[in-house]
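Report on the structure
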Amino acid sequence: MESASAKEVFLHYVCAHYCQHTSSHCSSSVDKEKHVYKHHLEEVLDKCVQPLFVLQTDTPAHNHKGRYADPVKDEEIVEAPLWKETDRGFDGATIVEWIVSQGTATDLSCLLPKLLPPTLRIADNYDFYYKQRGVVIIHALVIKLPQTTFMAYGLQGLFAEILFKSLAYVSDTEVLPTLVCAYTCLVDLGSRLKDPDKQVFMEKILTEGVLVGAQYAGHRPAVLLILLTPLPAIYHAIGIAGVRYLKQVLSMVCQGLSVLHNAKSASESLLLLNEKAAECLACLLEQCWPRIPFYSGMVLKTLANAWICYYDRQDSTAKTLCQWLKKDYQWLHASCHEIIKADVEALLSHDARLASLLCTPVERIK
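Notes on the structure follow. (Residues numbered from 1 in each chain as written. Predicted model: local features only at pLDDT ≥ 70, side-chain atom pairs only at ≥ 80, totals over all residues. Heavy atoms only, no water.)

**Points about the overall build of the protein chain**
- Along the protein chain, the regular secondary structure elements total 18 helices and four strands.
- Each of the 366 residues in the protein chain was classed as buried or not, and the buried ones make up 48%.
- Restricting the contact set of the protein chain to residue pairs at least 6 apart, pairs at least 24 apart contribute 70%.
- Counting only carbon and sulfur atoms, one obtains 55% of the accessible surface of the protein chain, whose full area is about 18,200 Å². (Helix = DSSP H or I, 4+ residues; strand = E, 2+ residues; numbered from the N terminus. Buried < 20%, exposed > 50% of the residue type's maximum accessible area, 1.4 Å probe, protein only. Contact = heavy atoms within 4.5 Å. Areas by Shrake-Rupley, 256 points an atom, 1.4 Å probe, with all protein chains shown as cover.)

Okay, structure coming up:
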């Protein structure tokens, strides 16, 4: 959330301008933070937050350069960027971040009418830097606020609308941290729901977020890693209903597991991508096993290529990945062992290195 230096400057500003207590209450940064939250929170909201987030309306004249100006179409609402100014060493987002980070569930529920408008303004901003900070604030609220508050203010739909808009930006590198935060927040937001609403919401994350992102930027390893991360939570929520998207999702996962051709020169980020893809593959094989035989050849080929790359690696990431590959093969064998029998024998005769994967005794999968 807010940087430590900006937060310290903000707390010092509040103590200097609004605090009438003795200096002993603010002798240390921890004491200062507790003191401001306990005694000056309302002042912070009324005198620091609200004035910064005022909207300025500017209605142009009806006669613009000699032509008729429509009073509705030509009306402009100009956002006064006071909350972005950092002349005092902190901006308006820093204050909101601090309040949300310090607030308890009860306090935040009471303060929500004053906190919600600036939070939405920050999260819905065109600047990715502020958009990410706004998404982080929303995530903190999702974690802290009780379900009664969510229902009273209709926060589920309100937050979801903001977060889904954040998923549309996949082409710019600078937006990747925002994507990570948005997907994490959406999964936690969906986890608050109960079936069947939870299943519907998680399916929406898949169809309007992951699959759309993969269509436009799935070829970029950094984006693909972000898109794969929420898949296990999504498929555990939607279960067998996910078979309708299995072809697209399985292609994504196999692509993520096939990025490397020479693991000895692989970067750490690509290793993480491979590991996440192997984890997602295990989830798909478990949840969608009735349809797996239709894609058994693609899955077996992907597992074999990945195993050859990693089986003799000694680093911890490669060892973890190999454990996932073994688990993947266990699920594949359980789903269609008769169908893949001939292919397995052909692979073993072609490359003996696959024996430690394909000849592993089939255990009961937990």
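And the narrative resumes.
**Quick look at the pattern of salt bridges**
- Enumeration according to the criterion identifies ten salt bridges in this entry.
- A salt bridge links Glu33 to Lys7, with the nearest nitrogen and oxygen atoms 3.3 Å apart. Here Lys7 lies in helix α1 (residues 4-18) and Glu33 lies in helix α2 (residues 29-39), a separation of 26 residues in the sequence. Lys7 carries the same exposure label as Glu33, and that label is buried.
- Between Lys114 and Glu42 there is a salt bridge, with its nearest N and O atoms 3.1 Å apart. Linking Lys114 in helix α5 (residues 105-123) with Glu42 in helix α3 (residues 41-49), this pair joins segments that are 72 residues apart in sequence.
- In the salt-bridge network here, residues are joined through shared partners; they are Glu42, Asp46 and Lys114. (Salt bridge = Lys/Arg side-chain N within 4 Å of Asp/Glu carboxyl O.)

**Description of the packing of helix α9 (residues 176-191) against helix α10 (residues 197-217)**
- Viewed as axis vectors pointing N to C, α9 and α10 meet at an angle of 160°, and their least axial separation amounts to 8 Å. In terms of their interaxial angle, α9 and α10 are classed as roughly antiparallel. In this structure, α9 meets α10 at a crossing whose hand is right-handed. Here α9 contributes Tyr183, Leu186, Val187, Leu189, Gly190 and Ser191 to the contact with α10, which in turn contributes Lys198, Phe201, Met202, Ile205, Gly209 and Val210.
- Classifying every residue of the contact of α9 with α10 by side-chain character gives eight nonpolar, three polar and one charged. (Axes fitted to C-alpha atoms, helices over the stretch in contact; angles between N-to-C directions. Parallel < 35°, antiparallel > 145°, perpendicular 65-115°, else oblique. Left-handed = near helix turned anticlockwise from the far one by under 90°. Nonpolar A, V, L, I, M, F, W, Y, C, P; charged D, E, K, R; others polar.)

**Digging into the nonpolar core**
- Residues Ile99, Phe159, Leu206 and Tyr235 are the most contacted members of the largest nonpolar core, which totals 121 residues.
- For this core, the element with the most residues is helix α14 (residues 268-287), which contributes ten residues.
- When neighbours within four sequence positions are excluded, Tyr235 is seen to be in contact with Leu206, Gly242, Tyr245, Leu246, Val249, Cys283, Leu284, Gln287 and Cys288. (Core = buried A, V, L, I, M, F, W, Y, C linked by side-chain atoms within 4.5 Å.)

**A look at the environment of Tyr153**
- As for its position among the elements, Tyr153 is in helix α7 (residues 147-153).
- Expressed as a C-alpha distance, the spacing of Tyr153 and Leu116, which sit 37 residues apart in the sequence, is 9.9 Å.
- Contact partners of Tyr153, with chain neighbours within four places excluded, come to Ser109, Leu112 and Pro113.

**Points about unusual backbone geometry**
- Note the cis peptide between Asp195 and Pro196, where omega equals 5°.
- Position of Pro196 relative to the elements: it lies in the loop between α9 and α10.

**Some points on the packing of aromatic side chains**
- Inspection of every chain in the model, using the stated rule, returns ten aromatic pairs.
- Ring centres of Tyr129 and Tyr130 lie 5.0 Å apart, and the angle between their planes is 70°; on these two criteria the pair is classed as edge-to-face.
- Among the aromatic side chains, those forming a connected cluster through ring pairs are Phe10, Tyr13, Tyr37, Phe90 and Trp98.
- In this arrangement the basic side chain of Arg192 is found over the ring face of Phe150, its NZ or CZ atom lying 3.8 Å from the centre.
- Seen from the ring of Phe164, Lys204 lies directly overhead, with NZ or CZ sitting 4.7 Å from the centre. (Phe/Tyr/Trp six-rings, centres within 6.5 Å; stacked < 30°, edge-to-face > 60°. Lys NZ or Arg CZ within 6 Å of the ring centre and 35° of its normal.)

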